[in-house]
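Here is what each chain is made of, one letter per residue.
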Amino acid sequence: MNSSFFFGLSTIAYIFAMISYIAYLTFKNKTVGLAATSITFVGVISQTFALGLRWSEFAELGQMGLIRAVPLTNLYESLIFFVWCLMIAYLIIEFKYKNRSFGAFITPVAALVLAFIDISGMSKNIQPLVPALQSNWLLAHVMMSFISYSMFAISFSTALMYLIMKTEKRTEPAYIFWTVMLAVFVLVLSAMGLDYISFKLSVKSQEELIRSYLFKASFRSSSSAVAVLSYTVAAAFIFFVWRFGGALRKLIAGFNISHETLDEITYKLIATGFPIFTLGGLIFGAIWADQAWGKYWTWDPKETWSLITWFFYAFYLHGRLMRGWKGKKVAMVAVLGFIAVIFTYLGVNLLLSGLHSYGAQ
Amino acid sequence: MEKEKQKSFIDKIWDVFASVKMAVVIFFFIAASSMVGTVLEQNAEPEKNIKILTKMLGADAAPAAYTFFDRLGFLDMYHSWWFVASLLLFAANLIICSLERLPRVMKLVREPIRPIAVDHIEKMSIRKTLNIKAQHSKDKTSNLKERIESAIRKIGLAPKESLENGAQYYAEKGNYSRLGVYITHLSILIILAGAIIGLFFGFNAFINLPEGQMTSVAYKDSKGTEVPLGFELRCDNFEVSYYGDSDMPKAYRSWLSVFKDGKKVKEKSIVVNDPLTFEGVTFYQSSFGTIPDSAGRGIIVLKAVSKDGKSEQFNLKVGDKFTIPGTSVTGQITDFSPALTFDENGKTRTYDENMKNPAVFVEFSGLGTGPFSGWVFKRFPQTWNLPDGSRLEFMDVWGVEYTGMQVRKDPGVFIVYLGCIIMAFGLYMTFFMSHRRLWVGVTEDKGGTKIIIGASASKNKAAFEKKIEQLAEMINTGQKGGK
């Protein structure tokens, strides 16, 4: 048995967990809830096993010590690790706050990421380390970055839930903010899915698909009729979410979770993720860059985007203490912060060029 | 009169810098301009950015957009005066905001905890009331005092006692954690200071140094601006190793020697992630390549080993002959390829100009089994064996490759590292340490003793609340409740 067997097992477990959490939310049945938690737990255990196996497979192939053979050197491995951190962080929160409602929000993210890996056909092969990555800093730098990313991911969903709960009027800026954000999020994912369906046969890699064919099946289509139609559909969808967003509030109100708790979870996740990100992402990254490239800071796109992300979360932490910013406004900052994280993680590798181009392979 | 006006002007500037609005504006400006800077390639040839702009704005608008961004300095924006100025404004904002708030926090930190009025204790964010019955309290107040004090000690705080207006026990811990924020702010300033020192007193350069050559300068830019090193550096050898049979490099290594006043003073082999430092100048392995027009000029190093173990090393060129030691077998190199492969018909082909898979064609005579010839590969030792049991080891091709190195001198880097350490420290204090305060008031009530516990924590209130539960339990039941 090798690592892919256990990765497959964990993928199946997360998909079942997602179904169970949604069922739990719908029927409010305790047994279903317990089953959801157990399935998630099985998924995490199996994924832990898979990660360990892949680690040792990597060490064998790369002919190097275990410390350097961290299976975190390409997009596939980093996404897998991200899901693992996300699920562990989620289980800790579920245990601490004795509330299973988030499960229905977090497990779909995990399932979506795993589905993305499979449909995009990205390489799952173990690739030996290029010389620049052969360093003991790889372990600390990449691992801590992803641990903080997963915390930011959960804080994003709790901040979004907070905004959904706290806004009542459609004319309110915070209401407009979250409805538009949510609609754009869904639209971008759907447009990328459309790209994939239309062009999967003509491209060789996921990287090429995003670099050359992004939105070519919809907004940037060569046929202007398709482009105009796409924009019209997008506008209509945004309007739809804005018009009927209130329904989502009623749904979340049924979770028996208070907006204070949501705010507290958001804060605690960011207050833990921020120092981990600063130390592991920025400081360790700078030390490593200094050793490998002779420059601790080069304004490379990845570095610049992590600094932008850092600014967003630094602002969130200060904003909570400022009069007039607490509540909805800082929740919006938390949402924007995670969008910066997504761009730092994926956007930079797929859309921009620079020294940190390992992740796109 | 004049003086007052001036002062109010400075005050106004001070207030602008101390305001949160200013911080928001600077944050927004730095973030937004940085985003533009990551989309446009920095310090690149104009064609590259025009291509990017064409993709985004269309061919018609691209040249105008390029001129626009060029004028504003966006093509080398992280070194433009306005970006550096915005970073300095950020530093000024940070200093003034911190100074504005520091005195109040210092007072909180310095001032030791004092006993407070009972009704204040009852208003603390964590509170608890205990009633101890009369027959219990009869066994002397000194017993109760001991019980409270030891309970406080058990939860990790050092109790103090006050006997004004009834007995009161109070304690605090981690009052310095409130300074964590300011230590973090200070560390940012230290890092910026280190960066500025590096900018003024250091340099960044590169050298492409061919095997066997020596240099006393590095080059700052592609125009060839020289930077003197203050000593001489020689590349003795350069070598790439690959993963298995693939052309994926596993490591590239340069063997370097440092000479000062004609004497060799240091020797080290460098790889990526393991540089050489001499007199504050550091050399980082960054790239490699083949010297242009060097084809056929390399020295081929072969080691011939006879079957009874005698060996000899030869430095040869194409056309040269050699003899395997202790035998009458001679070989002649008749061909060389830097990267040889066989196509599907078994024909040989050179697939790269770089030394990816060097091979020599050797023709032997005097083997006794008739003429023998074949390709000998550097990367594949199985091609080294000869039919008579002797061996021809392909050691190296020397003198045709160069090693590409980043060269850096940065006296500010230690200050940056110091700032990083302080930042880690400050962040830990800010996010993982908490200022915990506790008051335990003892009042005589009718028929017993009333104990009021009030406490506060600047962070992680829930954890302290649990400790207070333990404390109350211990006071209530004596020593048994403690863990």
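About the thresholds
Counting starts from 1 at the beginning of each chain's written sequence and moves along it residue by residue. Going through the entries in the order they are written, you letter the chains from A and number the ligands from 1. In keeping with the predicted nature of the model, local features appear solely for residues at pLDDT of at least 70, side-chain atom pairs appear and are counted solely at 80 or more, and the whole-chain, interface and lining totals rest on all residues. In this description a helix means any DSSP run of H or I spanning at least four residues, a strand means any run of E spanning at least two, and both kinds are numbered starting from the N terminus. Computation of the radius of gyration draws on C-alpha atoms alone. For the globule rule, the value is 2.2 Å times the number of residues to the power 0.38. Burial in this document is a count-based property: other C-beta atoms within 10 Å of a residue's C-beta are tallied, and the residue is buried at 20 or more, exposed at 12 or fewer, or partly exposed in between, with C-beta positions derived from the backbone. By definition, residues are in contact whenever their C-beta atoms, placed on the basis of the backbone, come within 7 Å of each other. Here the expected length of a helix is defined as 1.5 Å per residue gap, with one fewer gap than residues. In this description, the arc belongs to the directions extending from the helix axis to the C-beta atoms. Under the scheme applied here, ten amino acids are nonpolar (Ala, Val, Leu, Ile, Met, Phe, Trp, Tyr, Cys and Pro), four are charged (Asp, Glu, Lys and Arg), and all others, including Gly, are polar. Between N-to-C directions, angles cover 0 to 180 degrees, with each direction set by a line fitted to C-alpha atoms, over the stretch in contact for helices. Orientation is classified from the angle alone, with under 35 degrees giving roughly parallel, over 145 giving roughly antiparallel, 65 to 115 giving roughly perpendicular, and any other angle giving oblique. If you view the pair so one helix is near and one far, a crossing is left-handed when the near helix is turned anticlockwise from the far one by less than a right angle, and right-handed when it is turned clockwise. When DSSP locates at least two bridges between a pair of strands, those strands are taken to pair. Definition of nonpolar core: a set of buried Ala, Val, Leu, Ile, Met, Phe, Trp, Tyr and Cys residues joined via C-beta atoms within 7 Å. What counts as a domain boundary in this text is fixed by an automatic or database domain assignment.

**Some details on the overall build of chain A**
On a plain count of helices and strands, chain A comes out with 12 helices and zero strands. Relative to its length of 361 residues, chain A is compact, with a C-alpha radius of gyration of 21 Å against a globular reference of 21 Å. Principal axes of the C-alpha set define a box for chain A whose edges measure 60 × 50 × 45 Å. Counting every position in chain A, which comprises 361 residues, the buried fraction comes to 43%.

**A short note on the overall build of chain B**
Assigned secondary structure in chain B consists of 11 helices and 22 strands. Computed over C-alpha atoms, the radius of gyration of chain B comes to 38 Å, more than 25% over the 23 Å expected from 2.2 N^0.38 for 483 residues, which places it beyond the range of a compact globule. Along the longest, intermediate and shortest principal axes, the C-alpha atoms of chain B span 120 × 70 × 55 Å. Considering only contacts in chain B between residues 6 or more positions apart, those separated by 24 or more positions represent 58%.

**Points about helix α11 (residues 461-477) of chain B**
All names here are of chain B. The terminal C-alpha atoms of α11, which comprises 17 residues, lie 24 Å apart, in line with the 24 Å expected from a rise of 1.5 Å per residue. When we look at burial in α11, the residues that qualify are Phe-464, Ile-468, Leu-471, Met-474 and Ile-475. All buried residues of α11 project into a common sector of 120° when viewed along the axis, lining one side. Exposed side chains of α11 directed beyond 90 degrees from the buried face belong to Ala-462, Ala-463, Lys-466 and Thr-477.

**Looking at the interface of chain B and chain A**
The partner chain A presents 27 residues to the 33 residues of chain B that form the contact. Of all elements in the fold, only α2 (20-39), β7 (249-260), β10 (281-290), β20 (401-409) and α10 (413-432) of chain B reach the threshold of two or more residues within the side of chain B that touches chain A. The element best represented in the side of chain B that touches chain A is α2(B), accounting for nine residues. Grouping the amino acids of the side of chain B that touches chain A by side-chain chemistry returns 23 nonpolar, eight polar and two charged.

**Some thoughts on the packing of helix α11 (residues 301-319) of chain A against α2(B)**
The geometry of α11(A) relative to α2(B) is characterised by a closest axis approach of 10 Å and an angle of 160° between their N-to-C directions. Classified by the angle between their axes, α11(A) and α2(B) sit roughly antiparallel to one another. In this structure, α11(A) crosses over α2(B), and the sense of that crossing is left-handed. Residue-level contacts link Pro301(A), Thr304(A), Trp305(A), Leu307(A), Ile308(A), Phe311(A) and Phe315(A) of α11(A) to Phe27(B), Ile30(B), Ala31(B), Ser34(B), Met35(B), Gly37(B) and Thr38(B) of α2(B). A per-class count over the contact of α11(A) with α2(B) returns 10 nonpolar, four polar and no charged.

**Remarks on the pairing of strand β18 (residues 372-377) of chain B**
Remark: a regular strand shows side chains that alternate across the two faces of the sheet. The pairing of strand β17 (residues 359-365) of chain B with β18(B) spans six bridges and is antiparallel. Within β18(B), the position partnered with Val362(B) by the bridge is Gly374(B).

**What about α2(B)?**
Because an α-helix packs 3.6 residues into every turn, residues spaced three or four apart end up facing the same way. Residues and elements named next belong to chain B. With 20 residues, α2 ought to run about 28 Å at 1.5 Å a step, and its terminal C-alpha atoms sit 29 Å apart, in line with that. Buried within α2 are the following residues: Ala-23, Ile-26, Ser-34, Gly-37 and Thr-38. Seen end-on, α2 carries its buried residues on one side only, within an arc spanning 95°. Opposite its buried face, α2 presents the exposed residues Lys-21, Phe-28, Ala-32 and Val-36, each directed more than 90 degrees away.

**Remarks on the sheet that holds strand β3 (residues 168-173) of chain B**
All names here are of chain B. In space, the five strands of this open sheet follow the order β1-β22-β21-β3-β2, with antiparallel pairing throughout. Each having just a single partner strand, β1 (126-133) and β2 (160-162) make up the two edges of the open sheet. In this sheet, adjacent strand axes meet at a mean angle of 20° when their direction is disregarded. Sheet topology note: the β2/β3 ladder contains three bridges and is antiparallel. Residue pairing in the sheet places Lys-160 in a bridge with Tyr-170 of β3. Here α11 sits on the sheet and contacts β1, β21 (436-445) and β22 (448-457); the angle it forms with β1, its principal contact strand, is near 5°.

**Comments concerning the nonpolar core**
Counting residues in each nonpolar core, the largest one holds 122 residues, and the members touching the most others are Val83(A), Leu86(A) and Ala334(A). Ranked by the residues each element gives to this core, the list is headed by helix α5 (residues 137-166) of chain A, at 17 residues. What Val83(A) contacts, discounting residues up to four positions off in sequence, is Ala110(A), Val113(A) and Leu114(A). Counting residues in hydrophobic clusters, the runner-up holds 24 residues, among them Ile155(B), Leu438(B), Trp439(B) and Val442(B).

**Considering the pairing of β20(B)**
Residue and element names in this part refer to chain B. Buried residues dominate β20, accounting for eight of its nine residues. Bridge count between β10 and β20: nine bridges; the pairing is antiparallel. Looking at the pairing, Tyr-284 lines up with Gln-406 of β20.

**Structural notes on the sheet that holds strand β12 (residues 311-316) of chain B**
Residue and element names in this part refer to chain B. With antiparallel pairing, three strands are arranged side by side in an open sheet as β12-β11-β19. Across the chains shown, the open sheet's two edge strands, defined by having one partner strand only, are β12 and β19 (391-398). Across the sheet, the mean angle from the axis of one strand to that of its neighbour is 20°, orientation sign disregarded. Where strand β11 (residues 299-305) and β19 come together, seven bridges link them in antiparallel fashion. Each residue of the ladder has a partner; that of Ala-304, found in β19, is Leu-392.

**Topic: the domain arrangement of chain B**
In terms of domain boundaries, chain B breaks down into domain 1 (2-104), domain 2 (112-174 + 434-481), domain 3 (190-291 + 402-424) and domain 4 (299-397). Relative to domain 4 of chain B, the C-alpha centre of domain 2 of chain B lies at a distance of 88 Å.

**Things to note about the environment of Ala191(A)**
Residues and elements named next belong to chain A. Inspection of the secondary structure assignment puts Ala-191 in helix α6 (residues 173-199). Residues Ala-191 and Lys-96 lie 95 residues apart in sequence; the distance between their C-alpha atoms is 37 Å. Not counting chain neighbours up to four residues away, the residues in contact with Ala-191 comprise Phe-215, Ser-218 and Phe-219.

**Details of the packing of helix α9 (residues 180-201) of chain B against α10(B)**
All names here are of chain B. Relative orientation of the contacting elements α9 and α10 amounts to 165°, with a least axis distance of 8 Å. Between α9 and α10, the interaxial angle falls into the category roughly antiparallel. Helix-helix and strand crossings are classified by hand; for α9 and α10 the assignment is left-handed. Of the residues that constitute the contact of α9 with α10, the class distribution is 18 nonpolar, eight polar and no charged.

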